[in-house]
Structure formats: structure tokens, C-alpha cells
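Single-letter residue listing:
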Amino acid sequence: MSLVNYATREITCKIVYYGPGRSGKTTNLHYIYGQVPSDRKGQMVSLATQTDRTLFFDFLPLDLGTISGFTTRFQLYTVPGQVYYQATRKLVLQGADGVVFVADSQSRQLAENIESFQDLHANLADHGVDARGVPLVIQYNKQDLPGDLILPVAELEDQLNFRGVPSYSADALHGPGVFETLRGISELVLRRLSPTTAGGR
Amino acid sequence: MRMSVAASWVEAPLKQFVDDARVHYAVLLHPSGQVLGQYGFARSVDVMTACALAAAIDASSRALGMLVEGKAFPSLHYAGRERQIFLAEVPAPGGRLLLLAVFDWESSLGLLQLYHEEFRARVGEMAPPIAHNAPAIAADFEKELNKNLAVMFGRA
């Protein structure tokens, strides 16, 4: 539910970083927070456990500046990845305008990636949302790890990207792919507010 | 008055509530954390943070209410040493909304509850059903988006 105020020409969108535990969702937000100048961001809020696992969500508000004359703001959320936080994930997903699925590229995490991806679709369905209609990009994180520990992007694509959505290879800890992922989901979300697709919603 | 609204119908009832209840901050938001209107915050990013946290409090307290009482708590109140927080639901034609208010000794919980009732009634009268967004931005918005993102990330 992007909020568009035509009178004051403001757009606000909610983007949720989703994925299995320890895949790098919070790391994405930390990297973005570290890159963006202070006048374009708010405080990063992390509701986390004592061991820094996300308990409820991380939240980072961003001011993207003016696009087509509209002051555009993004609210970036992460969900807790651990399986037992299912109810929390569902709550955070409510009203999302776009989703970044952060997959862990490690071979041994493939089953968790698939389970989390199915969980995403189930939670969207519970909100009455057709997952095929939600702007989605996939980020294959941790591609910087040694080759014998990770799956190649082509294989991850085969396993996860049956919808053929935009996907990005990333090393969220050091930055590569984080910017591209944010740009990708931003384009998809804002495209829904452009004349090419907005009328068809 | 530091008021901003994302939907024009919010302004009149929110202004009335602020004036009547004498609050420092007041935010009307969707349970997903999207702000519909606010009074008191100077920075938009702070409003978004307040909304995200209020939505989280609402979601978790509803779940807690269901667990211990079999129904969601309709409102919450926190009394700090200097400031107090009041969070309550506001039914609207398009679905439930939330009102977050912060006040001090110039007001009271009783006043908040009283004027919250009036606010609910006004919102019920004035809020339109959910409307889908009409086209807002130009078809070729990508160039501007990419430029803004590049500036944010120091790549310009």
C-alpha cells in the first residue's frame, strides 16, 4: 500500500527484506545505513535479542529525494529469519509494497532458503495478497565465500527463481550487490505508480 | 503547527484532536506502519520510525491480548516520568487505523480517552474507503531514481 499524497506530492513505500535466519538481511540494512548521509536517513531501529538476532524487525527510513516531482521515502524493514518467528514475519509483511528475498548462497542452507521462500508466499497469501503481484527481487548473498561452500548463482536461480524475477549476486557485509538490489526493488515498486502499470492494479 | 498529512481528510480531525487533547505528538497510522497524518515531529524519517514502532507495539499487544484475555487490547497507555504515551485503535471504513499520542502534565489520560472517542467518530465520518493509487510518477522515472540513489550511496 504505497501512500501517495497528491496535494503535498509525497510518496511513501514499505520494503521488506525477507529470508532465512543469518542470510544477511540485517547486514543489508547496516550497509545501507553506513552509506547514506545523515540528512537522508532516520535512526536505524533494531529490535534484536542479546545475541543480535533480529527479534521483531530492523527498520530504516530513507529519503530518496524527488522523483517526478514527488518527495519519495522508503521504509526498509527486515523480518526475523528463524523458523519460530513465523507470526512476527507475517506481521511485518503486512502492507509491504515490495519484497527483497535475501538467500544464503551456502550449499548447506539451500533447504532453509526454499523453506523461507515458501513461507513468504504462504504469509502473503494469508494477507490476501497474490505473491505473483508483489514486486519481488532475489539477492544471492555471501557470494564472496569460497566456491566449495556456496552454490553458483545459476543453480540458486534454478532452485528459487521460478518466477524469473530480477536477481542480484551480493556480498552484503562488504557492499557489492546491496546498492543494485535496492535499486532493483525500488524500480519495481515505483513502476507500479507509473502510468505503465498503475491503471492495471 | 507542525502538522503534515498524507491524506487530506486526516487534517481536520487530527487538528481538532491535537487542540482538544493538548498533546505534544499525534500520529494517525495504518497498522502496517504507514503514516496518514502527524503533528509534532520535525523530520519525516522520525515520523516513519515512530509509526514502525507503534505498529509493532500494536501488533504484539494484540497478540498478547488474545493470549491472556481472548481479545485484543483496544488501547495502551504508558506513563513515563515526564511524558505519557497513548496508543489506540481507530475504526475506519477502509479498515482499522491507529492513533499514537504523546502528552505530559498539560493533559491527562482521561482527556485523551475522551477526545479519542470524538476522534474515532470524526474519522468514521470522514475517512473514505480504500482507494487504489492513480498514476503518480512519470513513465521514465528510472533516470531520476538512479541518480538519487547514486547520490545517496556516494556514487554520483
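Located above this text is the structure these notes cover.
A brief structural summary. Just so we're clear, the structure is a prediction, and the values are computed from it rather than from any experiment.

### Thoughts on the overall build of chain B
Alright, step 1. Of regular secondary structure, chain B possesses four helices and six strands.
Alright, step 2. Walking chain B from its N terminus toward its C terminus, one meets helices and strands in the order β-α-β-β-α-β-β-β-α-α.
Alright, step 3. The C-alpha extent of chain B, read off along each of the three principal axes, is 50 × 35 × 35 Å.
Alright, step 4. Summed over all atoms, the accessible surface of chain B reaches about 7,700 Å², with 55% contributed by carbon and sulfur.

### Quick notes on the environment of B:Q38
Residue and element names in this part refer to chain B.
Alright, step 1. The residue Q38 is located in strand β3 (residues 35-39) in this model.
Alright, step 2. Residue class for Q38 comes out buried when judged on its relative accessible area of 4%.
Alright, step 3. Sequence-wise, Q38 and M3 are 35 residues apart; in three dimensions their C-alpha atoms are separated by 5.6 Å.
Alright, step 4. Setting aside residues no more than four positions away along its own chain, Q38 makes contact with R2, M3, S4, L14, A26, V27 and V47.

### Concerning the environment of A:Y140
Residue and element names in this part refer to chain A.
Alright, step 1. Secondary-structure assignment places Y140 in strand β7 (residues 136-141).
Alright, step 2. Separated by 119 residues in the primary sequence, Y140 and G21 have C-alpha atoms spaced 14 Å apart.
Alright, step 3. A polar atom in the side chain of Y140 sits 2.6 Å from the side chain of E157.

### Considering the environment of B:A127
Residue and element names in this part refer to chain B.
Alright, step 1. Within the secondary structure, A127 sits in the loop between α3 (109-126) and α4 (142-152).
Alright, step 2. The class of A127 is buried, set by a relative accessible area of 7%.
Alright, step 3. Leave out the neighbours within four places in its chain, and A127 touches W9, A92 and P93.

### A word on the packing of aromatic side chains
Alright, step 1. Summed over the entire model, instances satisfying the criterion amount to eight aromatic pairs over all chains.
Alright, step 2. An angle of 80 degrees between the planes, with centres 5.7 Å apart, marks the rings of A:F117 and A:F162 as edge-to-face. One end of the pair, A:F117, is in helix α3 (residues 110-126); the other, A:F162, is in the loop between α4 (153-160) and β8 (167-169), with 45 residues separating them in the sequence.
Alright, step 3. Taking the relative accessible area as the measure of exposure, A:F162 reaches 60% and is therefore exposed.
Alright, step 4. Taking the centre distance of 4.5 Å and the plane angle of 40 degrees together, the rings of B:Y25 and B:F41 count as tilted. Residue B:Y25 is located in strand β2 (residues 25-29), and its partner B:F41 is located in the loop between β3 and α2 (44-69); the two are separated by 16 residues in the primary sequence.
Alright, step 5. Relative accessible area serves as the criterion here: at 22%, B:Y25 is assigned to the partly exposed category.

### Some words on the state of the cysteines
Alright, step 1. As enumerated under the stated definition, the model contains zero disulfides over all chains in all.
Alright, step 2. There is no disulfide at A:C13, and the cysteine sulfur nearest it, in B:C51, is 15 Å away.
Alright, step 3. The class of B:C51 is buried, set by a relative accessible area of 0%.

### What about the packing of helix α5 (residues 178-191) of chain A against α4(B)?
Alright, step 1. In the contact formed by α5(A) and α4(B), the axes pass within 11 Å of each other and the chain directions differ by 145 degrees. Both α5(A) and α4(B) take part in a crossing whose hand is right-handed. In contact with A:F179, A:L182, A:R183, A:S186, A:E187, A:L190 and A:R191 of α5(A), α4(B) contributes B:E142, B:L145, B:N146, B:L149 and B:A150.
Alright, step 2. Class assignment of the residues belonging to the contact of α5(A) with α4(B) gives a composition of six nonpolar, two polar and four charged.

### Re the side chain of A:Q75
Alright, step 1. On the secondary structure map, A:Q75 appears in strand β5 (residues 70-78).
Alright, step 2. Here the side chain of A:Q75 touches B:G33 through a polar contact of 3.4 Å, landing on its backbone oxygen.
Alright, step 3. The contact partners of A:Q75, leaving out residues within four places of it in the chain, are A:T12, A:C13, A:K14, A:I15, A:F59, A:L60, B:G33, B:Q34 and B:M48.

### Overview of the interface of chain B and chain A
Alright, step 1. Tallying the contact residues gives 39 residues for chain B and 57 residues for chain A.
Alright, step 2. Carbon and sulfur atoms make up 64% of the surface buried where chain B meets chain A, a total of about 4,300 Å² over both sides.
Alright, step 3. At the boundary of chain B with chain A, the tally comes to two salt bridges.
Alright, step 4. The residue A:R191 makes a salt bridge to B:E142 at a minimum N-O spacing of 2.7 Å.
Alright, step 5. Put simply, the parts of the chain that give the side of chain B that touches chain A at least two residues each are β3, α2 and α4 of chain B.
Alright, step 6. Broken down by class, the residue content of the side of chain B that touches chain A amounts to 25 nonpolar, 10 polar and four charged.

### Some points on the pattern of salt bridges
Alright, step 1. Counted by the stated rule, this structure contains 14 salt bridges over all chains.
Alright, step 2. One salt bridge connects A:K142 with A:D104, and the closest N-O pair in it is separated by 2.9 Å. A residue pair is termed long-range when its members are at least 10 positions apart, and A:K142 in the loop between β7 and α4 and A:D104 in strand β6 (residues 98-104) qualify at 38 residues. Take A:K142 and A:D104: they sit in the same class, and that class is buried.
Alright, step 3. Measuring nitrogen to oxygen at the nearest pair gives 3.0 Å for the salt bridge that ties B:D58 to B:R96. Linking B:D58 in helix α2 with B:R96 in the loop between β5 (84-90) and β6 (97-103), this pair joins segments that are 38 residues apart in sequence.
Alright, step 4. With a relative accessible area of 7%, B:D58 lands in the buried category.
Alright, step 5. The network of salt bridges with shared partners includes B:D58, B:R62, B:E89 and B:R96.

The rules we used
The residue count restarts for each chain, going from 1 along the sequence in the order it is written. All chains are assigned letters beginning at A, and all ligands numbers beginning at 1, according to the order in which they are written. The model is predicted, so local features are restricted to residues of pLDDT at least 70 and side-chain atom pairs to those at 80 or more, both for listing and for counting; the totals for chains, interfaces and linings are taken over all residues. Neither water nor hydrogens contribute to the side-chain values; these are computed over all heavy atoms in the structure. Note on conventions: DSSP H or I runs of at least 4 residues are helices, E runs of at least 2 residues are strands, and numbering of each starts at the N terminus. Accessible surface is estimated by sampling points in the Shrake-Rupley manner with a 1.4 Å probe; for residues, cover comes only from the protein chains shown. Each residue's exposure class comes from its accessible area (1.4 Å probe, protein chains only) as a fraction of the maximum for that residue type: buried when under 20%, exposed when over 50%, partly exposed otherwise. Throughout, a residue-residue contact means that at least one pair of heavy atoms, one from each residue, lies within 4.5 Å. Whenever a nitrogen or oxygen atom comes within 3.5 Å of another N or O atom, the pair is scored as a polar contact, on the condition that within protein one atom can donate a hydrogen and the other can accept it, and that pairs from neighbouring residues in sequence are kept only if both atoms are in side chains. Any two rings among Phe, Tyr and Trp, with Trp reduced to its six-membered ring, count as a pair given centres within 6.5 Å; such a pair is stacked if its planes are under 30 degrees apart, edge-to-face if over 60, and tilted if neither. The term disulfide is used for any two cysteine sulfur atoms that are within 2.5 Å. Geometry is summarised by axes, namely lines fitted to C-alpha atoms with helices restricted to the contacting stretch, and by angles between N-to-C directions that run from 0 to 180 degrees. Each crossing is labelled by how the near helix is turned from the far one, with a counterclockwise turn of less than a right angle marking it left-handed and a clockwise turn marking it right-handed. Residue type decides the class: Asp, Glu, Lys and Arg count as charged, Ala, Val, Leu, Ile, Met, Phe, Trp, Tyr, Cys and Pro as nonpolar, and the leftover types, Gly among them, as polar. Summed over both partners, the accessible area lost on bringing two parts together, with a 1.4 Å probe, is the buried area. Salt bridges are counted wherever a side-chain nitrogen of Lys or Arg sits within 4 Å of a carboxyl oxygen of Asp or Glu.

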